[in-house]
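# Residue-level structural notes
Listed here are the chains, written in short residue letters.
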Amino acid sequence: QVELVESGGGLVQAGGSLRLSCAASGSILRINNMGWYRQAPGKQRELVATISSGGSTNYASFVKGRFTVSRIDARNTVYLQMNSLKPEDTAVYYCAADGVPLTEASGFSVWGQGTQVTVSS
């Protein structure tokens, strides 16, 4: 079993910053891709940013230049630094990861429970 636990969400004023963290734990041999998604009320979940095991990143157009995704493999952790936050960034942010477990032949693909980010105007 692999579990993701997010932290770092909260309430911030427009223009402010937050840093989200997501730590993976469990039977992990290797994590391939890690990333962040978000879901606002009444909307579908959407990609925010991803980072591969080689460090390649991919960002949604609406966060380019404001958000930075990074990871520390030794800690099985991915981060999302969010700057210049806007009210429209308000959403539940979910962490996701896929990789290879220690004890099973098949890979894993898991989601975290989500963390609320609220940006006030």
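In this text the structure is predicted, and so the values were computed from the model without any measurement.

Scoring rules and cut-offs
Positions within a chain are numbered from 1, following the residues in the order the chain's sequence is written. For a predicted model such as this one, the threshold for reporting local features is a pLDDT of at least 70, and the threshold for listing and counting side-chain atom pairs is 80 or more; totals across whole chains, interfaces and linings nevertheless cover every residue. Derived side-chain values reflect all non-hydrogen atoms in the structure, with water molecules and hydrogen atoms excluded from consideration. Comment: elements are numbered from the N terminus, with helices defined as DSSP H or I runs of at least four residues and strands as E runs of at least two. Atoms considered for the radius of gyration are the C-alpha atoms alone. The globule rule reads 2.2 Å times the number of residues to the power 0.38. For each residue, the accessible area found with a 1.4 Å probe, counting protein chains only, is set against the maximum for its type, and the residue is called buried under 20%, exposed over 50%, and partly exposed in between. Should any heavy atoms of two residues lie within 4.5 Å, those residues are considered in contact. The Shrake-Rupley method, run with a 1.4 Å probe sphere, supplies the accessible areas, and residue values consider only the shown protein chains as cover. Charge counting treats Lys and Arg as positive and Asp and Glu as negative, with His and both chain ends excluded. For charged residues, the charge sits on one atom: NZ in Lys, CZ in Arg, CG in Asp, CD in Glu. When the centres of two rings from Phe, Tyr and Trp lie within 6.5 Å, Trp using its six-membered ring, the rings pair. Their planes under 30 degrees apart give stacked, over 60 give edge-to-face, and anything left gives tilted. Geometrically, a charge over a ring is one whose NZ (Lys) or CZ (Arg) sits within 6 Å of the ring centre while staying within 35 degrees of the ring normal. Two N or O atoms count as a polar contact when they lie within 3.5 Å, although within protein this holds only if one can serve as hydrogen donor and the other as acceptor, and sequence-adjacent residues are included solely when both atoms are side-chain atoms.

## Describing the overall build of the protein chain
- When its secondary structure is counted, the protein chain shows zero helices and eleven strands.
- The N-to-C order of helical and strand elements in the protein chain reads β-β-β-β-β-β-β-β-β-β-β.
- Compactness check: the protein chain gives a C-alpha radius of gyration of 14 Å against a globular reference of 14 Å for 121 residues, within 12% of the reference.
- Reported as C-alpha extents along the three principal axes, the dimensions of the protein chain are approximately 50 × 25 × 20 Å.
- The proportion of buried residues among the 121 residues of the protein chain is 42%.
- Sequence separation of 24 or more characterises 56% of the internal contacts of the protein chain that already satisfy a separation of 6 or more.
- Roughly 6,300 Å² of accessible area belongs to the protein chain as shown, and the carbon and sulfur atoms make up 47% of that amount.
- Across the protein chain, the mean location of the 10 positive side-chain charges is 7 Å away from that of the 8 negative side-chain charges.

## Side note on the packing of aromatic side chains
- Counted under the stated rule, the structure contains one aromatic pair.
- Over the aromatic face of Y79 sits the side chain of R19, whose NZ or CZ is 4.1 Å from the ring centroid.
- The cationic tip of R45 hangs over the ring face of W111; the distance from NZ or CZ to the ring centre is 4.7 Å.

## Let's talk about the environment of Q81
- Residue placement: Q81 occurs in strand 8 (residues 77-82).
- Separated by eleven residues in the primary sequence, Q81 and S70 place their C-alpha atoms 8.2 Å from one another.
- Polar side-chain contacts of Q81 include one of 2.9 Å to the side chain of N83.

## Remarks on the side chain of T50
- Tracing the chain through its elements places T50 in strand 5 (residues 46-51).
- Residue classification places T50 among the buried positions, given a relative accessible area of 17%.
- Beyond its immediate sequence surroundings of up to four residues, T50 is in contact with M34, G35, Y37, S56, T57, N58 and V69.

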